[in-house]
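Reading the structure
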Amino acid sequence: MLPDMQEEAPETMDDEAPEVSQGPDHVPDHGEAMRIAEALLFASAAPLSAEELTGRLPEGADVEKILHDLTELYALRGVNLVRVAGKWAFRTASDLSFVLARDVVEQRRLSRAAMETLAIIAYHQPVTRAEIEEIRGVATSKGTIDTLLETGWIRLRGRRKVPGRPVTYGTTPAFLEHFGLDAIEDLPGLEELKGAGFLEGRVPSDFSVPTPSDAEALREDEDPLDDDLLQPLDMHQTEAGEE
């Protein structure tokens, strides 16, 4: 006779591999975190800061490494991950901009006076209208200032602590985003301007390009803006002290 078959005892819970708990020190999968960050950046209508990404990524994700790896991943592609105004966004690769040129809606061009005024504000901020006129050597109309305010590239900063208390102007984050700059310090310096052909001929030995700064805090020679200046109807009265 065959011996009685012994039934195998069912496995007990003690024989199963214990589940690994994801405690506060758990490091999320880097690849998955990269995919999430990639999706967030593609879907966002505006550049995202590292802090904003941190709030949307799995807890413990290394945001700096994710951004670094994504930047390298897209470096040779048709779109690049770039840093603008301290935030991150996907932009068309600069060498392919000509491909999309015909699909871009042409915006109204700024006048030469407006471009000169914008450049002076960017490099010399905080600056008043009278100081702009002194640098340009010609009068600057209210219309020029208003046009730049409408673009969102400049802002009213404060009032200079001098007789008449003229308004001071500075640039905005929108200025950095439009011109593809991470920080105002990335504006071209003297040698770069020469190389680009913006400074032709013999430049005086004492000529220098100021180091720009767009710090939010008012300087010692600035007072806060008056509340009534923030009203749109009073926009044309902002320079009453300079006329």
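Keep in mind the model is a prediction, meaning the values are calculated, not measured. (Residues numbered from 1 in each chain as written. Predicted model: local features only at pLDDT ≥ 70, side-chain atom pairs only at ≥ 80, totals over all residues. Heavy atoms only, no water.)

**Things to note about the environment of Ala89**
Applied cut-off: In this text, helices come from DSSP runs of H or I with a minimum length of four residues, and strands from runs of E with a minimum of two, each type numbered from the N-terminal end. For this analysis, residues touch if any pair of their heavy atoms sits within 4.5 Å.
Take Ala89: it is sitting in strand β2 (residues 87-92). Spatially, the C-alpha atom of Ala89 lies 9.0 Å from that of Ala45, the residues being 44 residues apart in sequence. Once you skip the residues sitting within four places of it in the chain, Ala89 turns out to touch Pro47, Asn80, Leu81 and Val82.

**Regarding the nonpolar core**
Filter applied, for reference: The criterion is simple. A nonpolar core is a set of buried Ala, Val, Leu, Ile, Met, Phe, Trp, Tyr and Cys residues joined through side-chain atoms within 4.5 Å. Each residue's exposure class comes from its accessible area (1.4 Å probe, protein chains only) as a fraction of the maximum for that residue type: buried when under 20%, exposed when over 50%, partly exposed otherwise.
Ile121, Ile154, Tyr169, Phe175 and Leu187 are the most contacted members of the largest nonpolar core, which totals 23 residues. Those elements giving two or more residues to this core turn out to be α5 (112-124), α7 (142-151), β4 (154-160), β5 (167-171) and α8 (173-178). A total of 6 residues in this core trace back to one element, the largest contributor, which is α5. Ala33, Met34, Leu40 and Val63 belong to the second largest nonpolar core, which has 17 residues in total.

**Some thoughts on the pairing of strand β1 (residues 79-84)**
Looking down a regular strand, the side chains alternate between one sheet face and the other. The criterion, for reference: Strand pairing follows a simple DSSP-based rule, namely that at least 2 bridges must link the two strands.
Pairing between β1 and β2: 6 bridges, direction antiparallel. Paired with Arg83 across the strands is Trp88, a residue of β2. Here β1 folds back onto β2, and the loop between the two strands holds 2 residues, one of which, Ala85, carries a positive phi near 55°.

**Focus: a nonpolar patch on the surface**
To keep it simple, the criterion reads: Patches here are clusters of residues that have more than 30% relative accessible area and form no salt bridge, with a 9 Å joining cutoff for like charges and a 5 Å cutoff for nonpolar side chains (Val, Leu, Ile, Met, Phe, Trp, Tyr). Here the Shrake-Rupley method, with its probe set to 1.4 Å, supplies the accessible areas, and only the displayed protein chains count as covering residues. One speaks of a salt bridge when a side-chain nitrogen belonging to Lys or Arg is within 4 Å of a carboxyl oxygen belonging to Asp or Glu.
Side chains of Leu96, Phe98, Val99 and Leu100 sit close together on the surface and give an oily, nonpolar patch of about 350 Å² of accessible area. With respect to the helices, strands and loops of the structure, Leu100 is situated in helix α4 (residues 97-100).

**Points about the sheet that holds strand β3 (residues 127-128)**
The strands that make up a sheet are held in pairs by hydrogen bonds between backbone atoms, and each pair lies either parallel or antiparallel. What counts, and what does not: Helix axes use the C-alpha atoms of the stretch in contact, all axes being lines fitted to C-alpha atoms, and the angles between their N-to-C directions lie in the range 0 to 180 degrees.
Read from one edge to the other, the open sheet built from 4 strands follows the order β3-β5-β4-β6, with strand pairing classed as antiparallel. Because the sheet does not close on itself, it has two edges, and the strands there are β3 and β6 (222-223). With 2 bridges joining them, β4 and β6 adopt antiparallel strand pairing. Looking across to β6, one finds that Arg160 is bridged to Glu222. Helix-sheet contacts for α5 involve β3, β4 and β5, and the interaxial angle to β5 is about 90°.

**Some thoughts on α7**
Residues Thr144, Ile145, Asp146, Leu148 and Leu149 constitute the buried set of α7. Each element contacted by the buried residues of α7 is listed here: α5, α6 (129-136), β4 and β5.

**Description of the environment of Leu76**
Note on placement: Leu76 falls in the loop between α3 (63-73) and β1. Judged by relative accessible area, which is 84%, Leu76 ranks as exposed. Placed 17 residues apart in sequence, Leu76 and Ala93 show a C-alpha to C-alpha distance of 8.3 Å.

**Examining the pattern of salt bridges**
In total, this model carries 12 salt bridges according to the counting rule given. Two residues, Arg160 and Glu131, come together in a salt bridge whose shortest N-O distance is 2.9 Å. Taken as a pair, Arg160 in strand β4 and Glu131 in helix α6 lie far apart in primary sequence, 29 residues in all. Classification of Glu131 by relative accessible area gives partly exposed; the value is 27%. Bridged by salt links that share partners, the residues Arg112, Glu116 and Arg136 form one connected network.

**As for α5**
Short version of the rule: Multiplying 1.5 Å by the helix residue count minus one yields the expected span of that helix.
Here α5 spans 18 Å end to end across 13 residues, near enough to the 18 Å set by a 1.5 Å rise per residue. Looking only at α5, the buried set comprises Ala114, Thr117, Leu118, Ile120, Ile121, Ala122 and Tyr123.

**Comments concerning the confidence of the model for the protein**
So the rule is basically this: Confidence scores here are pLDDT values: one per residue, from the predictor, ranging 0 to 100.
Residue-level pLDDT values for the protein average 79, and 72% of them are 70 or greater. Confidence drops under pLDDT 50 across residues 9-23; counting only partners more than four residues distant or on other chains, this segment forms 0 contacts. A low-confidence stretch, residues 232-243 stays under pLDDT 50, and its non-local contacts, those more than four residues away or across chains, total 22 contacts.

**Concerning the packing of α5 against α6**
To keep it simple, the criterion reads: Between 65 and 115 degrees an angle is taken as roughly perpendicular, under 35 as roughly parallel, over 145 as roughly antiparallel, and anywhere else as oblique. In this scheme the crossing of two helices becomes right-handed for a clockwise turn of the near helix relative to the far one and left-handed for an anticlockwise turn of less than a right angle.
At their nearest, the axes of α5 and α6 sit 10 Å apart, and the two run at 110° to each other. Relative to α6, α5 is oriented roughly perpendicular. Classified by chirality, the crossing of α6 by α5 is right-handed. Residues Ala113, Glu116, Thr117, Ile120, Ile121 and His124 of α5 form the contact with α6, whose participating residues are Ile132, Ile135 and Arg136.

**Focus on the packing of aromatic side chains**
Two measures describe an aromatic ring pair: the distance that separates the ring centres and the angle between the ring planes. Which entries qualify depends on this criterion: Only Phe, Tyr and Trp rings take part, Trp by its six-membered ring, and two of them pair if their centres are within 6.5 Å. Stacked means planes under 30 degrees apart, edge-to-face means over 60, and tilted covers everything else. A ring is scored as having a charge over it whenever the NZ atom of a lysine or the CZ atom of an arginine sits within 6 Å of its centre and within 35 degrees of its normal.
As enumerated under the stated definition, the model contains 5 aromatic pairs in all. Between Phe175 and Phe179, the ring centres sit 4.9 Å apart and the planes meet at 50°, which makes this aromatic pair tilted. What links up through ring pairs into an aromatic cluster is the set Phe42, Tyr74 and Phe90. Taking NZ or CZ as reference, Arg77 lies 4.9 Å from the ring centre of Tyr74, over its face.

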